[in-house]
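Secondary and tertiary structure notes
Chain by chain, the residues:
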Amino acid sequence: MPPRLEGLPPARIMDIVDLVEEYASGHTDLVTRAYIYTAKVHRGQSRLSGEPYVSHPLEVARILAIMRQDPETVAAGILHDTVEDTAATIEEINHLFGDHVAELVDGVTKLARLDNSNARARQAENYRKMLVAMSHDIRVILIKLADRLHNAMTLEYLPSGRRERIARETAQIYAPLANRLGIGWLKGALEEIAFRHLHPVEYAEIDDKLKEGFADRKAFLEETESLVCDSLSQAGLKAEISARFKLHSSIHRKMREQKIDFHQVFDISGLRIIVEELKDCYAVLGHLHTLWKPIPGRFKDYIALPKANLYQSLHTTVMGARGQRLEFQIRTREMHQMAEQGIAAHWRYKEEDEDDDSFDKFEWLRRIVESLQEETDPKDLVDSVRLNLFPDEVFVFTPNSEVRRFPRGATPVDFAYSIHSEIGHHCVGARVNGRIVPLNTLLENGDVVEILTNPHRTPGRDWLKFIVTPRAKQQVRAWVRQEQRLRSTDLGRELLELELNRFKADAATHLTDDRLEGAAGELNQQNKEDLLVSVGFGRLSAREVIHCLLPKEVVQGYEKREKSAIRRLVQRVGGKSLKAILVKGQDDVLIRFAKCCDPIPGDPIIGFITRGKGVTVHSQMCASVQDFSGDHERLVDVAWGQEKKDEMHTVTLAVEAVDRPGILAGLSSVIASCESNISRIEAESHHDRAGIRLDVQVHDLDHLNDVLKKARDVKGVLSVLRVAPQTR
Ligand code: MN
């Protein structure tokens, strides 16, 4: 039994009310009502110990009251299992006990889900952080710790499997958490109980040895204590001295860590000296060192250099009377309170007239937080009593209850890539807490995430817009690059086939692997794949490659004829049924639409190879195409492939109309009736004429023709023409 709770009778509601009344008067009603409600909803339930269930929430509430927590926290402690284990709802709690109590109960209920997962040892740190991150209010953690302490204290009633699991979790998760929060007594209590259950043999051994030497040690401590007491008062130093005994679990840890046996642990017991002021700590230390010889290397100044959980104290070991070593801990009352209660001391209930230096409170919290994690921005924390210690991180579960940590903003795709690149590449959806969600859903603390895959699906380029982890980004980019390479290999091969066609040469004969490797060598390409990629990307022209593939005479003969023949581009495209490259999606980097004419599906088109950019698709009517016509080798035939149905293209229309009211309204309503949208309007009027430019969104040429036809029918409209895009 932890020292603080030692010898206490079972908790009754009146004890709790009395405890709370001592430090916060006038809240009896809230605490009592919480009890009556809890007793009612848990009625008929009992603990494995055979006691009525309500005994557990009462014990939890008493621990919180002993820690002097505010009445709402104590009430929430009484109510903490009602939503999890009975028909009670959070709405009802809210209605009966108010927002604050309900939020605390809700927080504890959410954490209860964590208890049902198997935290593995190596994940203890993540798990702990998750626990903290999920509790937006520090008081939720305090309730959780009190709950765990009482459950641990009654472990002997559980079957051995569960008992061991809870003991292990207590040692790995809850004791370190209490330690981080600086609540020394609670950390000690949790560790001690866990140790007793996990290592009963070692516990009994240490216990026997402690009992063996107890009388001697006690006598020695009392003797030394009175000596120190007299000596300090003669020196005019005011101090309180008490004996302290090391816990079984700490003795065991020390023996294990330092590979020593029981008799070599010199601080099994010691004396603690509590003074009023900081300077007295050092004065007392100096005084002790004049009484006894300090043992070199055993002095520690945790006042100048506090521990990570802000523990402060001076420790020294001296060679005491009878040659016995003795450790002293020296600290101020304030430091002592911090060592025992840690963060709980700061959330302790304070009467209004008590000084509450809230600046200090947050300063202290800020330091705790910094010690927990350095990058955390303190601004986020100093938000009343709420805190979110890890605002930049989210902790989620795999279906096997492993905890995984992600940067905030992470999505199921990030999660999928964290498991395996193949899972990432083929993920098609996710189930979060059992519900199917879109891939760009933001993950929240405590989510259970399951990824749905389909071997035939591949990453979407749009994933790059929402994924946040470097691993996922890198994997998607690599995939996109690989895909582009494949696409440009195909495109390069197609371009070469088209070009060979022009020379009446046969692809099967000339585009063999050997010939391509040969051409690659001549053109300084690594290999045939690189050669094809270069052609696909437009870094090399198909004609340059043809020069290497075909005999000189053939190429020269053709080029002569080509120069002499006046070949109008449009004729060539229209007249011959050459195989054309299919233009598929708009987002294809190797095939882009020219800004100057911006063709839409259905428009007659022609492709132009631009160095480093692949194929640019122009409308055949585009003025700039005429400029390229001398540059035959760079022109390629293209044709519209299967378009994505939902793709919209912008087209600019020039409308001439009679300037009269309602003309714009008429136009926009017919355009809307065609299921097109207007994305920009510019209008000007001269005399009685209005000139209007509209950017409209259409699927393809048919759709555009429909829009044009209806727009021309609007009353007052004189003409509607499609014009080249200008400055959009
Ligand atoms: Mn409980």
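Residues numbered from 1 in each chain as written. Predicted model: local features only at pLDDT ≥ 70, side-chain atom pairs only at ≥ 80, totals over all residues. Heavy atoms only, no water.

Here we come to the pattern of salt bridges. Applying the stated criterion across every chain yields a total of 27 salt bridges. With its nearest N and O atoms 2.9 Å apart, the salt bridge here joins R333 to E240. Placement of R333 in helix α15 (residues 333-341) and of E240 in strand β1 (residues 239-245) is noted, with a sequence separation of 93 residues between them. For R680, the salt bridge identified is with E682, shortest N-O distance 3.3 Å. Each of the salt bridges in this network shares a partner with another, and the network as a whole consists of D70, E72 and R139. (Salt bridge = Lys/Arg side-chain N within 4 Å of Asp/Glu carboxyl O. Helix = DSSP H or I, 4+ residues; strand = E, 2+ residues; numbered from the N terminus.)

Coordination of the manganese ion by the protein involves H56 (NE2), H80 (NE2), D81 (OD) and D147 (OD), with metal-donor separations of 2.1 to 2.3 Å. Summarised as a motif, the one-chain spacing of the donors to the manganese ion is H-x23-H-D-x65-D. With a gap of 66 residues between them, D81 in the loop between α4 (71-79) and α5 (82-85) and D147 in helix α9 (residues 138-153) connect regions that are remote in the sequence. This pair shows no difference in class: D81 is buried, exactly as D147 is. (Donors = N, O, S within 2.8 Å, 3.2 Å for Na, K, Ca; no water. Buried < 20%, exposed > 50% of the residue type's maximum accessible area, 1.4 Å probe, protein only.)

Now for the packing of aromatic side chains. Counted by the stated rule, this structure contains 7 aromatic pairs. Aromatic pair W292 and F328: ring centres 6.0 Å apart, planes at 20°, arrangement stacked. Placement of the pair is W292 in the loop between α14 (278-291) and β3 (293-294) and F328 in strand β6 (residues 325-332), with a sequence separation of 36 residues. The pair W292 / F328 is uniform in exposure class, with both members buried. Here the guanidinium or amino end of R325 rests over the ring plane of F266, the centre of that ring lying 4.3 Å away. (Phe/Tyr/Trp six-rings, centres within 6.5 Å; stacked < 30°, edge-to-face > 60°. Lys NZ or Arg CZ within 6 Å of the ring centre and 35° of its normal.)

This part is about unusual backbone geometry. You will see that R68, though not glycine, has its phi angle at about 55°, which is positive. For R68, the position within the fold is in the loop between α3 (55-66) and α4. Located in the positive-phi region is E675, a residue other than glycine, with phi close to 60°. The topology assignment puts E675 in the loop between α28 (663-673) and β19 (677-686).

Along the chain, the position of D207 falls in helix α12 (residues 200-234). Judged by its relative accessible area of 17%, D207 falls in the buried class.

A sheet is described by the order of its strands in space; here 4 strands give the open sequence β19-β20-β18-β21, paired in antiparallel fashion. If you trace the sheet from one side to the other, it starts and ends with β19 and β21 (717-723), each paired once. Across this sheet, the average inter-strand angle for adjacent strands is 20°, counted without regard to direction. Across 9 bridges, β19 lies against strand β20 (residues 689-698) in antiparallel orientation. The partner of E684 across the bridge, within β20, is G691. In the packing of α28 onto the sheet, the strands contacted are β18 (649-658), β19, β20 and β21, and the crossing angle to β20 comes to about 20°. (Pairing = 2+ DSSP bridges. Axes fitted to C-alpha atoms, helices over the stretch in contact; angles between N-to-C directions. Contact = heavy atoms within 4.5 Å.)

Turning our eyes to something else, we now look at the packing of helix α10 (residues 160-180) against helix α11 (residues 184-198). Following both chains from N to C, one finds α10 and α11 inclined at 155°, their axes separated by 8 Å at the closest point. The angle between α10 and α11 falls in the class roughly antiparallel. At the point where α10 passes α11, the crossing takes the left-handed sense. Contact residues: α10 offers R163, E164, A167, R168, T170, A171, Y174, A175, A178 and N179, while α11 offers L186, K187, L190, E191, A194, H197 and L198. (Parallel < 35°, antiparallel > 145°, perpendicular 65-115°, else oblique. Left-handed = near helix turned anticlockwise from the far one by under 90°.)

Residues in a regular strand point their side chains to alternate faces of the sheet. One ladder, built from 5 bridges, connects strand β9 (residues 427-432) with strand β11 (residues 449-453); its direction is antiparallel. Looking across to β11, one finds that R431 is bridged to E450. For β9 and strand β10 (residues 435-437), the ladder comprises 3 bridges, and the chain directions are antiparallel. Looking at the pairing, V432 lines up with R435 of β10. The antiparallel hairpin formed by β9 and β10 contains 2 residues in its connecting segment, where N433 sits at a positive phi of about 50°.

Moving on: the packing of helix α2 (residues 28-41) against α4. Where α2 meets α4, the closest approach of the two axes is 9 Å, and the angle between their N-to-C directions is 5°. Here α2 lies roughly parallel to α4, going by the angle between them. Contact with α2, carried on its side by L30, V31, A34, Y35, Y37 and T38, involves P71, E72, V74, A75, I78 and L79 of α4 and no other residues of that element. A breakdown of the residues in the contact of α2 with α4 according to their chemical character gives 10 nonpolar, 1 polar and 1 charged. (Nonpolar A, V, L, I, M, F, W, Y, C, P; charged D, E, K, R; others polar.)

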